[in-house]
Amino acid sequence: MKIAITSTGKTLESDVDPRFGRATYFLIVDTETMGFELIENTNVAAGGGAGINSAKTVIDAGAQAVLTGNCGPNAHRTLAAAGVKLYTGLQGTITEAVEQFKAGMLKEASNANVEPHSGMNG
């Protein structure tokens, strides 16, 4: 299964970025092999639409789930409309997040957990 994880860096040992729409990177991880594709998020400095455009980025990359710290309502709606599952509240490294996902320790988010534009201040 391919999952997208917001990341502060370029490796599996990087920390989960607490922001979805303005995350520095997305790591698209194959949960079976732990192989991954790195996507630099071009929406980091967007004035608006970062959540929706970031959601489109991970959808286009084939992610079936997103793991992140926080996600606003616009991104949540876009992901849900595409059938992509969302898991929020994550901390720690990318590897730790994947292991929690694989172990069934995460609860799927039914709503956004922050207000729109909450990631604009870093």
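Preceding this section is the structure that the text describes.
Please read all numbers here as calculations on a predicted model, not as lab measurements.

Describing the environment of F101
Consideration 1: Note that F101 resides in helix 3 (residues 94–102).
Consideration 2: Once the C-alpha coordinates of F101 and T31 are considered, the two residues, 70 residues apart in sequence, prove to be 8.9 Å apart.
Consideration 3: Among residues more than four places away in sequence, those in contact with F101 are M1, I3, T31, A65, L67, Y87 and L106.

Remarks on the nonpolar core
Consideration 1: Ranked by size, the top nonpolar core spans 17 residues in total, and within it F20, F26, I28, V58, V66 and L79 carry the most contacts.
Consideration 2: Of all the elements in the fold, those that place two or more residues in this core are strand 2 (25–30), helix 1 (50–60) and helix 2 (73–81).

A few points about the side chain of R19
Consideration 1: Among the secondary structure elements, R19 is positioned in the loop between strand 1 (2–7) and strand 2.
Consideration 2: A residue is classified by how much of its surface remains accessible, and R19, at 18% relative accessible area, is buried.

Section: the sheet that holds strand 3 (residues 36–40)
Consideration 1: With respect to topology, five strands assemble into an open sheet ordered 3-2-1-4-5, the strand pairing being mixed. In the strand order of this sheet, the two ends are held by strand 3 and strand 5 (85–87), each with one partner. Going from strand to strand, the sheet's axes swing by 20 degrees on average, the running direction of each strand aside.
Consideration 2: In the sheet, strand 1 pairs with strand 4 (residues 65–67) via three bridges, with the strands oriented parallel. Note on strand 4: the bridge partner recorded for I5 is L67.
Consideration 3: Each of strand 1, strand 2, strand 4 and strand 5 is contacted by helix 3, which is oriented at about 140 degrees to strand 1, the strand it contacts most.

Remarks on the pattern of salt bridges
Where charged atoms of side chains with opposite charge meet at close range, the side chains can pair.
Consideration 1: Applying the stated criterion across every chain yields a total of one salt bridge.
Consideration 2: Notably, a salt bridge pairs D17 with R19, separated by 3.1 Å at the nearest N-O pair. Like R19, D17 is buried.

A closer look at the pairing of strand 1
Consideration 1: Summarising burial for strand 1: five of the six residues are buried, a large majority.
Consideration 2: The sheet contact formed by strand 1 and strand 2 spans six bridges and is antiparallel. Bridge pairing links I3 to V29 in strand 2.

Remarks on the packing of aromatic side chains
Consideration 1: Tallied over the full model, the rule gives two aromatic pairs.
Consideration 2: Both rings, one in F20 and one in F26, keep their centres 5.6 Å apart while their planes meet at 50 degrees; by these two values the pair is tilted.
Consideration 3: Since its relative accessible area comes to 2%, F20 is described here as buried.
Consideration 4: Residue classification places F26 among the buried residues on the basis of a relative accessible area of 0%.
Consideration 5: A centroid spacing of 5.5 Å and a plane angle of 80 degrees characterise the contact between Y87 and F101, whose relative ring orientation is edge-to-face. Of this pair, Y87 sits in strand 5 while F101 sits in helix 3, and the two are 14 residues apart along the sequence.
Consideration 6: We classify Y87 as buried; its relative accessible area is 10%.
Consideration 7: On the accessibility criterion, F101 (15% relative accessible area) is buried.

Conventions we followed
Residues numbered from 1 in each chain as written. Predicted model: local features only at pLDDT ≥ 70, side-chain atom pairs only at ≥ 80, totals over all residues. Heavy atoms only, no water. Helix = DSSP H or I, 4+ residues; strand = E, 2+ residues; numbered from the N terminus. Contact = heavy atoms within 4.5 Å. Core = buried A, V, L, I, M, F, W, Y, C linked by side-chain atoms within 4.5 Å. Buried < 20%, exposed > 50% of the residue type's maximum accessible area, 1.4 Å probe, protein only. Pairing = 2+ DSSP bridges. Axes fitted to C-alpha atoms, helices over the stretch in contact; angles between N-to-C directions. Salt bridge = Lys/Arg side-chain N within 4 Å of Asp/Glu carboxyl O. Phe/Tyr/Trp six-rings, centres within 6.5 Å; stacked < 30°, edge-to-face > 60°.

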